[in-house]
Amino acid sequence: MAVIHHTTLTPTKLELIAEWLPLRPWYQGTGDVSRLARAGGFRLDDPEGEVGIEFMVVTDASGDGPVAYLVPLTYRGAPLDGAGDGLVGTLEHGVLGKRWVYDGAHDPVMVEQLLALLAGRAAAQAQGESDTPDPAVGVLAGPAGVPAPQTGAGKVSDTAGATVVVVGAGGEAGPLHDLTLIRVLRPGPAVGDGIRGQVLAGWTAPDGAAERGAFAFLGDTGR
């Protein structure tokens, strides 16, 4: 189980995100990052104990209406080869020292553990407490089910509201699938044909209302 250190971070996670978020194609705010706030999320464990994995929700009240964004992050003690496009930035951790922070869509460890969660082989953990499962995070299976094992982080592409990661071996080794991270969160489950499984979790809206919706889902590529 991951150990959560309650210590100083320089810059803070929110300060790091504030520089990165407005540059994303799915960002819908005005750029006034003073209106960002942390609003929920959960963690997953790296079986090797090397990579921190956090699914963070931030709300943004800078635009015409509040928007909740999913920001999955991984924390590493050294740069991740080949993942420069996914680097959010670096920070100084009061216990662990310098950490390289990545957009989790570009990190194979996060992708594999999210697939394990969808397949029932991993459990969501509380965002701020060590060794504490988060039973509020649910997995909704689709009619076709989640194939296992599903490993590998392939091509990453952004849309206006999501990031799609191609996963699976492909060819004779097995079909490819699209793992979709819903960046602009909406209440309720994801809907559509070919959804094999989805992760449902909650966050807090700027007015204090409790919201719950799909964070990610695995679907057929259609290719």
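Starting from 1, residues in each chain are numbered consecutively following that chain's sequence as written. This being a predicted model, a pLDDT of at least 70 is required before a residue's local features are given, and a value of 80 or more before pairs of side-chain atoms are given or counted; all residues contribute to the totals for chains, interfaces and linings. Values shown for side chains rest on all heavy atoms present in the structure; no hydrogens or waters enter the calculation.

A. Representation of the sheet that holds strand β1 (residues 9–10). Pairing between two strands is assigned when DSSP locates at least 2 bridges connecting them. Helix and strand definitions here come from DSSP, where helices need a minimum of 4 consecutive H or I residues and strands a minimum of 2 consecutive E residues; each element is numbered from the N-terminal end. Overall, antiparallel pairing links the 6 strands, which are arranged β1-β5-β6-β4-β3-β2 in an open sheet. Of all the strands in the sheet, the pair left with one neighbour each is β1 and β2 (36–44). Bridging between β2 and strand β3 (residues 52–60) involves 8 bridges; their strand directions are antiparallel. Along β3, the bridge assignment pairs Leu44 with Ile53. Whether two residues touch is decided by their heavy atoms; if any such pair falls within 4.5 Å, the residues are in contact. Axis geometry follows a simple rule: fit a line to the C-alpha atoms, using only the stretch in contact for helices, then measure angles between N-to-C directions, giving values from 0 to 180 degrees. This element, helix α2 (residues 108–118), spans β2, β3 and β4 (67–76) of the sheet and lies at about 85° to β3.

B. The arrangement of the nonpolar core in detail. The definition of a nonpolar core used throughout is a set of buried Ala, Val, Leu, Ile, Met, Phe, Trp, Tyr and Cys residues joined through side-chain atoms within 4.5 Å. Only protein chains enter the accessibility calculation, which uses a 1.4 Å probe. A residue is then buried if its area is under 20% of the maximum for its type, exposed if over 50%, and partly exposed in between. The biggest cluster of nonpolar side chains holds 36 residues, and the ones touching the most others in it are Phe42, Phe55, Leu114, Leu179, Leu185 and Phe215. Counting only elements with at least two residues in this core, the list comes to β2, β3, β4, α2, β9 (162–167), β10 (177–182), β11 (195–204) and β12 (210–220). Ranked by residue count, the leading element in this core is α2, at 7 residues. Sequence-distant contacts of Leu185, that is, excluding residues within four places in its chain, are made with Val57, Ala68, Tyr69, Leu70, Trp203, Ala214 and Phe215. Judged by nonpolar contacts, the second largest core, of 19 residues, contains Ala18, Leu21, Tyr27 and Val88.

C. A look at the sheet that holds strand β7 (residues 138–141). Ordered in space as β7-β11-β12-β10-β9-β8, the 6 strands form an open sheet in which the pairing is antiparallel. Looking at the sheet topology across the chains shown, the edges are occupied by β7 and β8 (156–158). Across the sheet, the axes of successive neighbouring strands diverge by a mean angle of 25°, strand direction being ignored. In terms of strand pairing, β7 meets β11 through 4 bridges, oriented antiparallel. When the sheet's bridge partners are listed, Gly138 is paired in β11 with Leu200.

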